[in-house]
Amino acid sequence: MKSKYLYKTSIALAMAVVWTTGTSAEETLTVVSFGGSYAKACVDGYHKSFEEETGIKIKLEDYNGGLAQVRAQVDAGAVHWDVLDTESAPLMIGCDEGVFEEVSDLELPPAPDGTPAADDFFDGMLFDCGVGTLVYATVMVYNSENVDGEPPSTVKDFFDLEKFPGRRGMRRSPSGNLAWALMADGVPSDRIYEELSTEKGLQRAFRKLDTIKEHVIWWETGAQAPQLLADGEVFMTTAWNGRIFNAQVLENQPFVIIWDGHIRDYGALAIVAGAPNLENAKKFLQHATSTRGMVGVANHISYAPVRHSGLPLVGKHATTGVDMKPHMPTFPANSKNFLWYDIEFWTDREDELIERFNSWLSR
């Protein structure tokens, strides 16, 4: 009798352990993002509603971008991340390397009016290994308190030290800067990468950068650009539009974005290959990339939805009540002249151009 009782007890305990472990895996999900105000916008925009509607608990972790940590987990066969919030270039590279799950057959929700997802997403925002979520922009910006008379309004003005004297802030990277140099030198946006693909075009871009090089303060982190402007260290700077929006709306800084020539890129969600909570991760992608999810983020930070149904539904900032539409990179008034970040160009030539850019800086 005693041994039979112990046997039954052992079986019950074992089943309880299995059941508990299975439930835990089904009810949790690790999502990795960039932290700060953007991560908070995602939490308020769609994390909370996902948890409420599914009962799945999200564990949010921060990282600094790139693929190093993802590669390490996948190579070691010890994956503990499920969903990665990523930029365009790492998404493409990671897909080629096999560190992301295939999601091209994932059934995504239609637009609110029933339009199929495939027709509602912007062209090029559905990938084999990920789904686009937002559009952000690198822009030029100035402090209106430092402007007397006509304000700067174009990329050419950024390079015009005679008309608009003062130091400039630029990211310490060839990406963006080479394109803007060519724009300022008269190259139309639709020919920028054609020019940059030639030695003659590259020389032209660096010659234009030479004209302001001695007046540039180089920044490396997103927080530095608005700080340089607020401290009066520069007259104009390049910056990420979300950082400037926060400075404008949450800190009441008198900053003005020059939308002419802005460079657009997209953010996306991907599932790490071997994710321990794969089915929950797929549910999360479906929820986050719905029109409601994208609009939820856009009502907290100035990153635009990548669904056609999204922008018309963007409303007021959840905290301040500011109308968010005019702050979106895709807002019609902001879309007269812009350039998409060319992933293939930079994937193929980034190392070479970084080396050349750094050599130019050192001279």
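Below is a short write-up of the structure. (Residues numbered from 1 in each chain as written. Predicted model: local features only at pLDDT ≥ 70, side-chain atom pairs only at ≥ 80, totals over all residues. Heavy atoms only, no water.)

## Structural notes on the state of the cysteines
Applying the stated rule across the entire model yields one disulfide. With a sulfur-sulfur separation of 2.1 Å, Cys-95 is cross-linked through a disulfide to Cys-129. Between Cys-95 and Cys-129, the S-S dihedral sits near 60°, and the bridge is therefore right-handed. Of this pair, Cys-95 sits in helix 4 (residues 88–97) while Cys-129 sits in the loop between strand 4 (126–127) and strand 5 (130–143), placing them 34 residues apart in sequence. Assessed through its relative accessible area of 5%, Cys-129 is described here as buried. (Disulfide = S-S within 2.5 Å. Helix = DSSP H or I, 4+ residues; strand = E, 2+ residues; numbered from the N terminus. Buried < 20%, exposed > 50% of the residue type's maximum accessible area, 1.4 Å probe, protein only.)

## A look at the side chain of Lys-213
Its place among the elements puts Lys-213 in the loop between helix 9 (199–210) and strand 7 (216–219). An unpaired buried charge is present at Lys-213: no salt bridge exists, and Asp-210, the closest side chain of opposite charge, is 5.0 Å distant. In this structure the side chain of Lys-213 is engaged in a polar contact, spanning 2.5 Å, whose partner is the backbone oxygen of Trp-360. Sequence-distant contacts of Lys-213, that is, excluding residues within four places in its chain, are made with Trp-360, Leu-361 and Arg-363. (Lys, Arg positive; Asp, Glu negative; His and termini not counted. Salt bridge = Lys/Arg side-chain N within 4 Å of Asp/Glu carboxyl O. Polar contact = N/O pair within 3.5 Å; in protein donor to acceptor, adjacent residues only side chain to side chain. Contact = heavy atoms within 4.5 Å.)

## Things to note about the environment of Thr-319
Examined against the element boundaries, Thr-319 turns out to sit in the loop between strand 10 (304–305) and strand 11 (338–340). Looking at Thr-319, the relative accessible area reads 64%, which means it is exposed. Between the C-alpha atoms of Thr-319 and Val-249, which are 70 residues apart in sequence, the distance is 9.7 Å.

## Overview of the pattern of salt bridges
A full pass over the atoms with the stated rule returns 14 salt bridges. In this structure, Glu-150 engages Lys-163 in a salt bridge whose closest nitrogen and oxygen atoms are separated by 3.9 Å. Pair noted here: Glu-150 is in the loop between strand 5 and helix 6 (155–158) and Lys-163 is in the loop between helix 6 and strand 6 (168–171), with a separation of 13 residues, a long-range link. Judged by relative accessible area, Glu-150 falls into the exposed class, the value being 54%. A relative accessible area of 43% places Lys-163 in the partly exposed class.

## So, helix 4
The set of residues buried in helix 4 consists of Ser-88, Ala-89, Pro-90, Leu-91 and Gly-94. Tucked into the core, helix 4 has its buried residues touching strand 3 (83–87), strand 4, strand 5, strand 9 (255–271) and helix 14 (343–362). One or two positions beyond helix 4, positive phi appears at Gly-98, with a value near 80°.

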